[in-house]
Every structure is written in C-alpha cells, then in structure tokens.
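Descriptive analysis of the structure
Chain by chain, the residues:
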Amino acid sequence: MNPQLSTVELLTDLSQSGVRLWAEGDQLRFRAPRTALTLELRDELRKRKLEILELLRRESEMAPLSGITELVPVSQQRHQPFPLTDIQQAYWIGRTSAFELGGVSAHLYMERVVRDLDLGRFESAWRRLVDRHDMLRVEIAADGSQQIRDRVTIPGIPVVDLRGKSSREIDQELATIRDRMAEHGPDLEHWPLFEVRASRCSEEETRLHFSLSLLVCDALSSQILFRELLIIYQDLERPLPDLELSFRDWVVAREGLAGSESFRRSLAYWRGRLDSLPQAPELPLARSPAPLAGASFTRRSGRLDPEAWRRLKTRAKQAGLTPMAVVATTYADVLGLWSKSQHFLLNVLFFNRPLVHPQINHVVGNFSTTILLEVDGTHAAETFEDRARRLQQQLWQDIEHAQVSGIRVLRELQRHVGGAPTAVPIVLASTLGLAKPVDAPAETESQEVNHDRLQTPQVWLDHQIGERGGALVFNWDAIEELFPQDMLEEMFAVYTSRLEQLAGSDEAWTCGGVQAPQAHLALRSEINATAAPVSGEHLQTLFLRQAERHPERPAVISVERTVSYGELRIRSNRLARQLRAMGARPNQLVAIVMHKGWQQIVAALAVLQSGAAYLPIDAALPRERRNYLLGHGEVDIALIQPELDRDDELPARLERLVVADELPQDPGTEMESAPVQRLEDLAYVIYTSGSTGQPKGVMIDHRGAVNTILDINRRFAVTAKDRVLAISSMSFDLSVYDVFGLLAAGGAIVVPESSALREPARWAELIRRYRITLWNSVPALMEMLVDHLTGRTESVLERLRLVMMSG
C-alpha cells in the first residue's frame, strides 16, 4: 500500500476492495475477502486505529444528519434530467448581473508546470477522465435543470507554442491566458463546463491551465480528478473500478427528503432563529459592491509548516477542540477586529459526503452545502479557548440541521423580513479531514507555481483551508477593489501571525482577543482622542454671538429673500418676546407647523430665545398625523406661515403666531441675551416616522446638540465661508446641523423651495448659483443628485468640499 495515502483515502480504497470496517466501543472491527487484508495493510490499520475510529464515529453520526443512511444507484435513470442543488443554483443564477456582485462565473482556475510532458498521452488521459466521470459531461438547461450526456465529442486540448520566445514574452503570453481563464470561467450555456489548455514554454517545460466550473466539482472532486489524471497518464491501460454511483443518485435522494420529518425539524430549527440571526461582518468598504458585477478576485496564500501544524492540532485535542473549530475561531476573531459589530454570520461551506455508499468519495460533483454560522464575539472576558469551544458547539448544533442549507435559510430570512435578497459574502471552506490533495503530474515542479484562483458570485472574501504534505495551507480569495488599500494585507498578516502564536504558545489560548497592528492602535487612539471641554453655550447663543459680530453677513438665503444675521436676530428676538408673553417656558414644546422655507429658521431661533423647545411638524402631513403630534407633544402654541393661518384643520385650542414677511411689531423692551434654560433643558423634540408603530418623540437637550455641532465644525473646519443646501426636512434630525451648525460658524443656509425637495436638477442649479460647499443628507438624496449628473459635463460636485451622509 501507499503510506502517503490519507486515512480517508485508505478507507475508501479498502471499501472498493470489499473491506468493511466498523467501530464497537474502542475496538476496530472488520470483515474482508480472504486475500484483501495483507500483513502490510493490517499493520497500517493498527497504526491508524485511533484516527480510523474517530472517522468512523464521525461518519456514523453524519449519515443520519444528511438524511440518507444508504444510497442505491439507479443506473437506468443516469441520463435523465435532474434539478440543481441549492449551491449549484446559487452559482448558476450568480453568473448574471441581476444581483449585487453577480456577473461572476463560479469556477476554480489552476495552473501547473510539468516537465517532459507527452501532450498526446496527456490528452488521451484527459479524454478517458471525461468518459469516466458523469459531471464532466453535464449540461445545464435554460430551465435550471442538469443532464448528463451519454456520449460527447471531446475537443482537443489547445496548445500555445511559446518556444523560442524571450522570458518576458512568455510571461506576458501566460498572463494573458491566465487572466482570461481565471476571470471569465467556462460558459455555462454550452458544454463543456471546463476548459483545459497547454502552453509549451520550452522543450522540457509545459504549463497546463485548468478551469473547472463549480457546478461540476467541489474541493474533493478536483483532488479526485488530478489523482486519477496522474494515474491514467502514467499507465493509459490501467483499469479503474467502474463507477456505479452517479452524482445524480445523490441529488435525487436529497431531493426526496424535502417532505421527511427530519427535514421539517431542520426547517423549524432555522425558522425559529430568523429573528435573532445577525448580519454578515460589517467590514470597512472602499466602495459600494453594487456596481462591481464581474469583479475579479485576488489570492493570498499562507501555510503552517508540518511541525507547527502538528503542535496546534495536539493543543486543540487537549482542549477538546477540532482543528476546524480552532481555525474558524481565529478567522472570526480577525474579522471581528475589523468589523463594526462583533456579532455576525459566517457562510461556512460544508462538504456533505457521508459514507452512505462505498464510492461516495470517488464521484465527481459538487456535494457541498452551506451553513450560516453565528459568531458572537461580544463576551469580553472569554479566552480564545472559551470562544473556540462555544463556536464549535454552535457549529455542531447547526450541522445537525444541515438538511436545510444556508442558501435556503437566507431565502427564508428574505421572506420573513422582506426587502432585497440577503447575502453573507464572507465565506469559510475547509477540507480538513478530507482526502489529501494530490497534485497534477510532475508534482514537485507544480509546487513552484501557485496561480490558482477561486471565483464565486456574491462573495467578498472566500477563505479556504486544508492540509498538504502534513502542513496547513490556506488561501484568501477576495475582491481587492472592494476594500480600503492594504486592509486585506493587514488582516491576512494578523491571521497568519495568530495561527503561529496558537501553534507555539499556550498563552495564546488563554488570552483574550486578537491584537490589531500597532499602526492601527495608534491611529485608533488618535481618532478616539476626542476629549474636549464641554461647552456652556446654548443653540441660540451660538447664533447670537455671530449676529453680534457680523450682522451684515447673509444668514439665510432663499429664492424669496436673503436674511442677514442682523435681521434674523431682530425677527427671532421680537417673536421670542411674543412667545414669552403667550406663556412659553423651559421644557415646553412650541410647534413649528410649516412648509420648507426661511420662516422655519426664524421660528426655531425664536422658540429657543423664548426659553421653550421647538417641535417641527411638516405642514404637508395628513391632518390625523399632524394633530396626533400636536396632542402627544402637549402643544399649546404653534408658529405658522401666513398661508396656514386660514387652515381650519389645526386644532381650535391651538394659539397661532404667524411668521410673516414683514417684521413683527416691536413689543417693547428687547429680550435679554442670557438664556433662561439650563443646558440640560430641552432644545427640540423630533418624532420618528412611526413605521414600526406610533411615532415616538426623541428628546434632545442643549448640551448634547451644541457639543455635537461644535465637534463637527472643528473636525471639518467649517467657517463663515461655508454654505449648506438645507435639503433635509426640518422634522428630520439632519436639519439641526444645517441650521445651527452653519449659524454657529457664521456661514449661510440656502433653503430650497418646497417644490424642489425631490428635484436634483434644481439642487444642482442652487449649488452652482449660491456656491454651496457643504452637503448633509441621507445617502438616497445624494444618489439622486449623482444619477442626475452622470454623463453631464457640468462639475457641480466639485464645488462641494464636504459631503456628510447618514441615516
């Protein structure tokens, strides 16, 4: 026997020879034909007894979890159409640009260097491999079904002759072939769903290029293909056992479980968790994923040498942990270091090949499924070992319900919460415990080249782990342009360093979380150094100081009129005295019931100078909603525009004060400039939309509002030269900065007319005419402006020095 075989390979080879192994407690039992178990094999079984027992127990547990205890081939239906699995369907749909980060053909690209390759012999070996494996002859129909062709005309392998060219020319030619095959992948609308090419670089050296659709194969399948390709190439006449089992048999058997009790239990398990499932990791992004259809992936690769990997596995076993749990926890810790939330989902690719048939590990096909693994890193006092144990328990619990795939769970979640399709674009795929990878021909040479790439739709970061030559090998395939510059490099370095620490130190298992790079810690400290004296100002006094210094400057600009700081002070002061006479006092709400206009700003300042707090209400609201807010806010006084004075839908009990074009009459002594409120008193109340029930009033005091405004002005150096387009509704909290942030800095507020609140063409005109420098809105409004300007030559956006988006 070959001592280099992994234990899984050994077991599958024995099953092909008619040897049956099973566990009885701590004893390994077997039944075999008379000549099947040689002395050499018996000795090998004794050496690997503990590992074999562990694998047999795991397989015995996994078979019922898959819902299938025995798989019976149905050869007469081998070439009948059958449905795509969940993951095949996701890959098939993902090749279109209909979804965010779609437009990607899910495929694996591999490149190998082979010396002294006989191309004719290699082509014959590949033809035999296509004849042998059903899924290399599969076609995908337009209706989303798949069918295995009985006979195919196998195309010849294209050969590019690069002999005689310079090293630079060869590298350029290879890069062109590589980029095309790695980025585009096989065409799913036509057979074959693979592509094989050869580049003859010299008399001795040939470069082989492989592109395999992930609808055809999973990680173990690629290992099966290359192992058998090597065997056949070495001996074209060598017989291989006939494959009675087909991938179709597995898919049809799985489809038949949909009405079973075990499937219903799994579905109930996941449905019961829909309300508590978190989102994907909230990683920093350099740009929106939406326009990145067809984006290409960049690979980063690393390894733990065999001795370090052995130490890590030994330490894991002492803690009662699997190597998979250790690596998954390390990955989650690093993601959590960069993620906004420490509570998130990982998309775990799970290779679902329980030993329900002796040939299951010899069949090519994509047997994988996905599990949505919940990661909760919010427990600050936990050690790494604690977190790994909790994550392992969660993974085992989820695997028990793996009959319902993570893709199906996401569909259930979308139906449950509504809205756009949900995705978990951060993936972890492990082949730990599967058969050892076997490289292409001339294995030692192939180690010199690593241009392998994996591309999958709707994925940002795909992490694969496995064993090779006794070492832990791992890759990160990611859409580089999606993330800030150097971020992935830093994350990968931290991840690699953390694995090395776990392999070399017990302390790493008992400490807390992962440490960020020192440069990050220094930057974080600098950004978080926000300590500053708490201001003793009120919202209105910020304005009054500017009005006293520069009364001539424009404060509010509208199509109807421009109001200077001096005029704004006089208007608001006189209205404030009228409000005081009407009973306005601290912590009492005075409503501002108005359409968009300069009068709203006069009214807000008047209310604050009177000592009261303002409640903005859009005059365009339905009567019932408007009157609910007035009643719930216990409002007795409302400031209105002249045209609303005739509104008979306002409550009759409400006292009205009109903010007219002409200056209000001077009631006598000017209001004192010193505020009558305390810093803890209300400045304003803004009600929520009520989309989840009745509207709720959010109460904000002067201290909080003032310190937020002053921080923004300091942070972005807002001065009297700045102007903001007050696009946000007065009854939306972003309007607070528009008004008081600019008035505190001595700048100007440009107020669009009510009819222009959803007219990006008008916004562009106002930005140009009034030299707007600041924008402050929800993202949707800026998106409207950008869409309007796309393809136009005008440089309106260049006039904006600062864009703030929130909400």
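Above this text sits the structure in question.
Residues numbered from 1 in each chain as written. Predicted model: local features only at pLDDT ≥ 70, side-chain atom pairs only at ≥ 80, totals over all residues. Heavy atoms only, no water.

What the rule picks out here adds up to 20 aromatic pairs. Between W126 and F194, the ring centres sit 5.4 Å apart and the planes meet at 75 degrees, which makes this aromatic pair edge-to-face. Of this pair, W126 sits in helix α5 (residues 119-132) while F194 is found in strand β8 (residues 194-200), placing the two residues 68 residues apart along the sequence. F194 matches W126 in its accessibility class, with the two residues each being buried. Taken together through their ring pairs, the aromatic side chains of F122, W126, W191, F194, F210 and F226 make up a single cluster. Stacked on the ring of Y233, the Lys or Arg R121 has its end atom at 5.9 Å from the ring centre. (Phe/Tyr/Trp six-rings, centres within 6.5 Å; stacked < 30°, edge-to-face > 60°. Helix = DSSP H or I, 4+ residues; strand = E, 2+ residues; numbered from the N terminus. Buried < 20%, exposed > 50% of the residue type's maximum accessible area, 1.4 Å probe, protein only. Lys NZ or Arg CZ within 6 Å of the ring centre and 35° of its normal.)

Two elements in contact, helix α9 (residues 261-271) and helix α13 (residues 406-417), have axes separated by 10 Å at closest approach and are oriented at 50 degrees. If you check the angle between α9 and α13, you find them oblique. In the packing of α9 onto α13, the handedness of the crossing is right-handed. Of the residues in α13, those touching α9 at F263, L267, W270 and R271 are R408, V409 and E412. (Axes fitted to C-alpha atoms, helices over the stretch in contact; angles between N-to-C directions. Parallel < 35°, antiparallel > 145°, perpendicular 65-115°, else oblique. Left-handed = near helix turned anticlockwise from the far one by under 90°. Contact = heavy atoms within 4.5 Å.)

Attention shifts here to the sheet that holds strand β3 (residues 82-83). Spatially, the three strands line up as an open sheet ordered β3-β6-β5, and their pairing is antiparallel. Single-partner strands in this sheet number two, and they are β3 and β5 (138-140). Across three bridges, β5 lies against strand β6 (residues 145-148) in antiparallel orientation. In the sheet register, I140 faces β6, and the bridge partner there is Q146. (Pairing = 2+ DSSP bridges.)

So, on to the sheet that holds strand β13 (residues 426-430). Ordered in space as β10-β16-β15-β13-β11-β12, the six strands form an open sheet in which the pairing is mixed. If you trace the sheet from one side to the other, it starts and ends with β10 (298-304) and β12 (368-376), each paired once. Going from strand to strand, the sheet's axes swing by 20 degrees on average, the running direction of each strand aside. For strand β11 (residues 343-351) and β13, the ladder comprises three bridges, and the chain directions are parallel. Looking at β13, one finds that N347 is bridged to V427. The strands touched by helix α10 (residues 306-318) within the sheet are β10, β15 (461-468) and β16 (471-478), with β10 carrying the most contacts at an inclination of about 75 degrees.

Here we come to helix α7 (residues 219-234). Under the 1.5 Å per step criterion, the end-to-end length of α7 is 23 Å for 16 residues, consistent within 8% with the ideal 22 Å. α7 sits mainly inside the fold: 13 of its 16 residues count as buried. Residue D218 occupies the N-cap position of α7, its side-chain oxygen lying 3.3 Å from the main-chain nitrogen of L220. (Expected span 1.5 Å × (residues − 1). Polar contact = N/O pair within 3.5 Å; in protein donor to acceptor, adjacent residues only side chain to side chain.)

As a further point, take helix α8 (residues 247-255). Since one α-helical turn is 3.6 residues long, residues separated by three or four positions face the same way. Within α8, the full set of buried residues consists of F247, R248, D249, W250, V251 and R254. Capping the start of α8, S246 holds a side-chain oxygen 3.1 Å from the backbone nitrogen of R248, two or three residues further along.

A cluster of acidic residues, E560, E643, D661 and E662, forms a negative patch on the protein surface. Note that E662 resides in the loop between β22 (655-658) and β23 (682-687). (Patch = residues over 30% accessible without salt bridge, like charges linked within 9 Å, V, L, I, M, F, W, Y side chains within 5 Å. Areas by Shrake-Rupley, 256 points an atom, 1.4 Å probe, with all protein chains shown as cover. Salt bridge = Lys/Arg side-chain N within 4 Å of Asp/Glu carboxyl O. Lys, Arg positive; Asp, Glu negative; His and termini not counted. Charge placed at Lys NZ, Arg CZ, Asp CG, Glu CD.)

Considering the arrangement of structural elements, one finds Y687 in strand β23. By relative accessible area, Y687 is classed as buried at 13%. With 72 residues separating them in the primary sequence, Y687 and L615 have C-alpha atoms 8.4 Å apart. Aside from chain neighbours lying at most four places away, what touches Y687 is L615, L629, H632, G633, P695, K696, G697 and S731. A polar atom in the side chain of Y687 sits 2.7 Å from the side chain of H632.

Here we take up the environment of M324. Among the secondary structure elements, M324 is positioned in helix α11 (residues 323-338). Given the relative accessible area of 16%, M324 is considered buried. For the pair formed by M324 and Q392, sequence separation is 68 residues and the distance between their alpha carbons is 8.4 Å. If near-sequence neighbours (up to four positions away) are discounted, M324 is found in contact with V348, L395, L428, S430, L432 and I465.

Quick look at unusual backbone geometry now. A cis amide bond links W191 with the next residue in sequence, P192, at an omega value of 5 degrees. Following the sequence through the fold, P192 ends up in the loop between α6 (167-184) and β8. In this structure, E634 takes a positive phi of about 50 degrees despite not being glycine. Within the element layout of this structure, E634 appears in the loop between α21 (623-632) and β21 (637-640).

We now examine the nonpolar core. L312, Y331, L335, L346, Y495 and W509 are the most contacted members of the largest nonpolar core, which totals 75 residues. For this core, the leading source of residues is α11, giving ten residues. The residues touching Y495, leaving out its near neighbours within four places in the chain, are V327, T330, Y331, V334, H463, I465, F474 and W476. With 63 residues, the next largest nonpolar core counts I140, V196, F247 and F351 among its residues. (Core = buried A, V, L, I, M, F, W, Y, C linked by side-chain atoms within 4.5 Å.)

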